[in-house]
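# Report on the structure
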Amino acid sequence: MKTTMIALMGVGVLAAACTSTGNVERNAAGGAALGALAGAVIGNNVGSGSAGTGAAIGAAIGGTAGAVKGCREDGGCGATSVNRRQYYDERAGRYYYYDSRSGRYYWEDGSSR
């Protein structure tokens, strides 16, 4: 049991070291941590009483759910709308937004501002 926990913590440290700290990585890590904790508690109290197996299953499910949530926050993975703030240009009477990926401003219809 002690070896399993040390191995799981080592994997967590290695995974955290190589992320670019985007929404996908951050939510996947958080989901995996919460899933591992919940899985360990449930696995210890139900069935054969294996907290290590429950933690591994919980981490896999939580990590996957967190990664999908982060991907949707970034506007991918089937998200219906892109999460961006719009501003109003009073002279033009139109809305525009800033695209952080390209570093440019665009009108709400997608044409360059």
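Scroll up for the structure.
A brief report on the enclosed structure follows. Everything numeric here is computed off the predicted structure, so don't read it as measured data. (Residues numbered from 1 in each chain as written. Predicted model: local features only at pLDDT ≥ 70, side-chain atom pairs only at ≥ 80, totals over all residues. Heavy atoms only, no water.)

### With respect to the overall build of the protein chain
The test is simple: Going along the chain from the N terminus, every DSSP run of H or I of four or more residues is numbered as a helix, and every run of E of two or more is numbered as a strand. In this scheme, a residue with accessible area under 20% of its type's maximum is buried, one over 50% is exposed, and one in between is partly exposed, where area comes from a 1.4 Å probe on protein chains only. The contact rule is simple, with two residues in contact once any of their heavy atoms fall within 4.5 Å. Computed with a 1.4 Å probe, the accessible areas rest on the Shrake-Rupley method; for each residue, only the protein chains presented here act as cover.
When its secondary structure is counted, the protein chain shows three helices and three strands. Listing every helix and strand of the protein chain by position from the N terminus yields α-α-α-β-β-β. Put simply, the protein chain has 113 residues, and 19% of those count as buried. Sequence separation of at least 24 residues holds for 30% of the intrachain contacts in the protein chain that already meet a minimum separation of 6. Put simply, the protein chain shows about 7,900 Å² of open surface, and 58% of that area lies on carbon and sulfur atoms.

### Considerations on the sheet that holds strand E2 (residues 94-99)
Two modes of strand pairing occur in sheets, parallel and antiparallel, and in both the strands are linked by backbone hydrogen bonds. Counted only if it meets this: What makes two strands pair is DSSP finding at least two bridges between them. Between the N-to-C directions of two axes lies an angle of 0 to 180 degrees, each axis being a line fitted to C-alpha atoms and, for a helix, fitted only over the stretch in contact.
Pairing within the open sheet is antiparallel, and its three strands lie in the order E1-E2-E3. Only two strands of the sheet have a single neighbouring strand rather than two, namely strand E1 (86-89) and strand E3 (104-107). Between one strand and the next, the sheet's axes are offset by a mean angle of 35 degrees, whatever the strand orientation.

### Considering helix H3 (residues 51-73)
To keep things clear, this is the line we draw: Given the number of residues in a helix, its expected span is that number minus one, multiplied by 1.5 Å.
Its 23 residues place the ends of H3 32 Å apart at the C-alpha level, agreeing with the 33 Å of an ideal helix rising 1.5 Å per residue. The set of residues buried in H3 consists of Ala 51, Gly 52, Gly 54, Ala 55, Gly 58, Gly 62, Gly 63, Gly 66, Gly 70 and Cys 71.

### Brief notes about the environment of Arg 26
Tracing the chain through its elements places Arg 26 in helix H2 (residues 23-45). For the pair Arg 26 and Gly 70, spaced 44 residues apart in the sequence, the C-alpha separation amounts to 7.5 Å.

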